[in-house]
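Listed below are the residues making up each chain.
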Amino acid sequence: MSDEPHDTEREIGDLRKELDEVKAELEQTKDAPRRRRRFRSVVAGTLVVVLILLFTVTVPAAWARRTFVDTNHYVATVGPLIESPAVQKAISRNITNSTFEALDVEQRIASALPEQLQVLAAPVTAAARNFLESQVQKLVASQGFENLWVQANQFAHAQVVAVLEGKKGVVSVVAGAVVLNMVPLVNQAMQQVQSFISNLVGRPVTLPTISANDVPSAAIEKLSAALGITLPSNFGQIVLFKSSQLKTAQQAFRFVNRLVILLIVLTIVLIPVTLWVSVHRRRTLIVMMTGFAVGLVVVRQVSRLVVSNQVATIRDPINRAAAQSVGDALVHDLRVYTSWLLVVSLIVLVIALVTGPYGWAVWLRSKITWLAREIAALFGEAVSGQVSEGPFGDWVKGHIGALQIGGAVVAVLVLLIFGPPWWGVLIIAGALVLYEVWLARLAARVRTPNGDPDAAGPTEQPV
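This paragraph deals with the overall build of the protein. Of the regular secondary structure elements, the protein holds 16 helices and 3 strands. Here the contacts in the protein between residues at least 6 apart in sequence split such that 69% fall between residues at least 24 apart. Looking at the protein as shown, the accessible area adds up to about 28,500 Å², and 64% of this sits on carbon and sulfur atoms.

Let's shift gears to the packing of helix α2 (residues 71-78) against helix α6 (residues 143-164). Viewed as axis vectors pointing N to C, α2 and α6 meet at an angle of 145°, and their least axial separation amounts to 9 Å. In terms of crossing hand, the pair formed by α2 and α6 is right-handed. Residues T71, N72, Y74, V75 and V78 of α2 form the contact with α6, whose own contacting residues are W149, V150, N153, Q154, H157 and A158. Broken down by class, the residue content of the contact of α2 with α6 amounts to 6 nonpolar, 5 polar and no charged.

Our focus in this paragraph is the pattern of salt bridges. For the structure on display, the rule yields 1 salt bridge. The residue D316 makes a salt bridge to R93 at a minimum N-O spacing of 2.7 Å. One end of the pair, D316, is in the loop between α11 (281-312) and α12 (317-354); the other, R93, is in helix α3 (residues 85-103), with 223 residues separating them in the sequence. Take R93: its relative accessible area is 19%, and that puts it in the buried class.

Right, let's get into the packing of aromatic side chains. Centre-to-centre distance and the angle between the planes together describe a pair of aromatic rings. In this structure the tally under the stated criterion is 3 aromatic pairs. Seen in terms of ring centroids, F55 and F292 are 4.1 Å apart; in terms of plane orientation they differ by 20°. Their pairing is stacked. Of this pair, F55 sits in helix α1 (residues 4-69) while F292 is found in helix α11, placing the two residues 237 residues apart along the sequence. The burial state of F55 is the same as that of F292; both residues are buried.

With 39 residues, the main nonpolar core has I91, F145, I197, L207, L223, L227 and L231 as its most contacted residues. Dropping the residues within four chain positions of it, I91 is found in contact with I82, V140, F145 and W149. Core analysis: the next-biggest nonpolar cluster, separate from the first, contains 29 residues, L47, V48, F292 and V331 among them.

Along the polypeptide, R300 turns up in helix α11. No salt bridge is formed by the buried R300; its nearest oppositely charged neighbour, D333, is found at 11 Å. Apart from the residues within four sequence positions on either side, R300 is in contact with R335, T338 and S339.

It is worth spelling out the side chain of T267 at this point. Considering the arrangement of structural elements, one finds T267 in helix α10 (residues 246-277). Assessed through its relative accessible area of 7%, T267 is described here as buried. A distance of 3.2 Å separates polar atoms of two side chains, one belonging to T267 and the other to T58. Once you skip the residues sitting within four places of it in the chain, T267 turns out to touch L51, L54, F55 and T58.

Among the surface-exposed residues, I405, V409, V412, L413, L416, I417 and F418 lie close enough to one another that they form a single nonpolar patch of about 750 Å² accessible area. With respect to the element layout, V409 can be found in helix α15 (residues 400-418).

Turning to the packing of α2 against α12, a few remarks are in order. Between α2 and α12, whose axes approach to 8 Å, the crossing angle comes to 105°. Between α2 and α12, the angle falls in the class roughly perpendicular. In this structure, α2 uses H73, T77 and V78 to contact α12, whose residues at the interface are A329, L330, D333 and Y337.

All right, on to α3 then. The end-to-end C-alpha distance of α3 is 27 Å, a good match for the 27 Å that 19 residues give at a rise of 1.5 Å each. One or two positions beyond α3, positive phi appears at D104, with a value near 50°.

Turning to helix α9 (residues 216-227), a few remarks are in order. Every α-helical turn comprises 3.6 residues, leaving residues that sit three or four positions apart pointing alike. Spanning 12 residues, α9 covers 17 Å between terminal C-alpha atoms, matching the ideal 16 Å at 1.5 Å per step. For α9, every residue scored as buried is listed here: P216, A219, I220, L223, S224, A226 and L227. Along the axis of α9, the buried positions cluster into a sector of 160°, meaning they face one direction only. In α9, the exposed residues that point more than 90 degrees away from the buried face are E221 and A225. One or two residues past the end of α9 sits G228, with phi positive at roughly 75°.

The rules behind these values
Within any chain, residue numbers begin from 1 and follow the written order of that chain's sequence. The predicted origin of the model limits local features to residues at a pLDDT of at least 70 and limits the giving and counting of side-chain atom pairs to 80 or more, whereas totals for whole chains, interfaces and linings rest on all residues. To obtain the side-chain values, all non-hydrogen atoms of the structure were used and water was disregarded. Each helix is a run of DSSP H or I of at least 4 residues and each strand a run of E of at least 2, with the numbering of both proceeding from the N terminus. A contact between two residues is defined here by any heavy atoms of the two lying within 4.5 Å. All accessible-area figures derive from a Shrake-Rupley calculation using a 1.4 Å probe, and residue coverage is judged against the displayed protein chains alone. To obtain each axis, a line is fitted to C-alpha atoms, and for helices this fit is confined to the stretch in contact; angles are then taken between N-to-C directions over 0 to 180 degrees. In this scheme the handedness of a crossing depends on how the near helix is turned from the far one: anticlockwise by less than a right angle means left-handed, clockwise means right-handed. Polarity classes work like this: nonpolar for Ala, Val, Leu, Ile, Met, Phe, Trp, Tyr, Cys and Pro, charged for Asp, Glu, Lys and Arg, and polar for all others, with Gly in that last group. The term salt bridge refers to a side-chain nitrogen of Lys or Arg lying within 4 Å of a carboxyl oxygen of Asp or Glu. For every residue, the accessible area (1.4 Å probe, protein chains only) is compared with the maximum for its type, and the residue is labelled buried under 20%, exposed over 50%, or partly exposed between those bounds. Put simply, two rings from Phe, Tyr or Trp (the six-membered ring, in Trp's case) pair if the centres are within 6.5 Å, and we call them stacked under 30 degrees between planes, edge-to-face over 60, tilted for the rest. Here, nonpolar core means buried Ala, Val, Leu, Ile, Met, Phe, Trp, Tyr and Cys residues that are tied together by side-chain atoms lying within 4.5 Å of each other. Charged residues are defined narrowly, with Lys and Arg counted positive, Asp and Glu counted negative, and His plus the chain ends left uncounted. A 3.5 Å cut-off defines polar contacts: any pair of N or O atoms within that distance qualifies, except that in protein one atom must be a possible hydrogen donor and the other a possible acceptor, and neighbouring residues in sequence count only when both atoms are side-chain atoms. The patch calculation keeps residues exceeding 30% relative accessible area without a salt bridge and links them within 9 Å when they carry like charges or within 5 Å when they are nonpolar (Val, Leu, Ile, Met, Phe, Trp, Tyr). Should an angle fall under 35 degrees it is taken as roughly parallel, and over 145 as roughly antiparallel, whereas 65 to 115 is taken as roughly perpendicular and any remaining angle as oblique. A helix is expected to reach a length of 1.5 Å times the quantity of its residues less one. This arc describes the spread of directions from the helix axis toward the C-beta atoms.

Interpretation note: all reported values are geometric properties and have no functional meaning in isolation.
Here you go:
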């Protein structure tokens, strides 16, 4: 009997030990979901940061690839530049200077003047230069030169991309450098001022026909023979890079192309993955869209700074104005893309906030629901002719004239600000017509008691 208390104490101790073990197991069971949630939160937060940085880099990278690799898009971007007065002036001066250097105009004028009139060589040359520049400027502003400008840019860009992709074109190696043969285009430009060149040379000049398939050295010999001068061996050649750097340039081009595609794919894939991993998806979406918006604003500001800094390095005012036009044209699409993406990001952000469980969001949704019901009731009144009472409906009925004018003003502002295409104009015009018709029908119902056209008032009957 004396061992019974000890056995009881031992059993109680064993029970307490088992109870502690059960409690420990329960705590571990409770901690496991919390640990998983914490892990998912850390992973989602990291992915959001990476995604925001990736998005900020991918947008300008995708723009650059489309603008500078796609020949058609590049030509569509730089083609309208010829309509810029600043660009026309810079091109006119460059063509004039190139022509005078190639023909050695000042030496020709000096040799044609008597010895006692040699002092007039410089002013006569300056006068001839001004005259040629004025003629060239008229030519540059013509439709024919605009076509030539588009062809030249398309030709040059296609050849540069071809050599970077390892394809064969009119790119050749001259004196250890990879050059682009522009003699055919220079020849076409000179044909536009052929009569002036004939007067300058002192004999009729018939410029040859030079195609892109001609060997550069042979093309230069043809042009030299027609002009009666010896042109330098690098005439009309644009040095792209040293031939020893060609393989490196091609590898870098392929690498950058693949990298941009990878960035785009990663950005698209990481958005749903981040939301799937996240524990608080709405909060993650809000942070993500806010980061996207900030990144787009940064991209827009950086593009402006890059253009302004590049333009500031040019001292000549004519070339500076032309460079400003070129820079603005090149980044125009980037600003358009970022504007639309910024609008989309802000719309998603607003929807995520408004549909959330926040107190102000619940209050706002209730007000929007009330407003929607009031507007639906007004539409029903305009159709059925039954005019109901209500503060919002009474206010609309009392301000129909102002609302009609306001609708037209809003439509005009939308057209002026966004400049939509023809189908967008049709949509806006159709919406405006429906809006004005609805207001007109509502006004007619308000003027007629109970919506009955025959209840406008008593009519006088003949006796």
